[in-house]
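# Secondary and tertiary structure notes
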Amino acid sequence: MVLTEINVDDLNKLMHLRIERLIHFFASSLPSCLIHIDADQTLSVHCPHTEIVDDLLDELEELCSHAWLILGVSKIALYFGQEEILSTNTYFR
């Protein structure tokens, strides 16, 4: 059995692919948003239009579930402009 080491570039590529997978599930809203994951495992979504914020709020439960399962993040924060619209946990017990 050959063991390989995963380096930082590999981890970045894997995270990029995970984010693309999340975007695929929300193809009508997330592709136009700026998305990144903070050091505290918060998925930050910066929306360019209010309609996108509204769409994501309507799909919030599904977005939280997918973000937790695909990315392993513990929180989601939605932004419009420089203002935080919502911050919520992704996993509810």
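Preceding this paragraph is the structure being described.
Definitions and cut-offs
- Residues numbered from 1 in each chain as written.
- Predicted model: local features only at pLDDT ≥ 70, side-chain atom pairs only at ≥ 80, totals over all residues.
- Heavy atoms only, no water.
- Core = buried A, V, L, I, M, F, W, Y, C linked by side-chain atoms within 4.5 Å.
- Buried < 20%, exposed > 50% of the residue type's maximum accessible area, 1.4 Å probe, protein only.
- Helix = DSSP H or I, 4+ residues; strand = E, 2+ residues; numbered from the N terminus.
- Contact = heavy atoms within 4.5 Å.
- Phe/Tyr/Trp six-rings, centres within 6.5 Å; stacked < 30°, edge-to-face > 60°.

This part covers the nonpolar core. With 21 residues, the main nonpolar core has Leu22, Leu30, Leu43, Val45 and Leu56 as its most contacted residues. If you list the elements that add at least two residues to this core, you get helix H1 (8-25), strand S2 (42-47), helix H2 (50-58), helix H3 (60-71) and strand S3 (75-80). Per-element tally for this core: the top contributor is H3, with six residues. For leucine 22, the contacting residues outside a window of four places in its chain are Leu30, Leu43, Leu63, His66, Ala67, Ile70 and Leu71.

Applying the stated rule across the entire model yields one aromatic pair. Here the aromatic rings of tryptophan 68 and tyrosine 91 are separated by 4.2 Å at their centres, their planes lie at 20°, and the arrangement is stacked. Of this pair, tryptophan 68 sits in helix H3 while tyrosine 91 sits in the segment after strand S4 (83-89), and the two are 23 residues apart along the sequence. Overall, the relative accessible area of 42% leaves tyrosine 91 in the partly exposed class.

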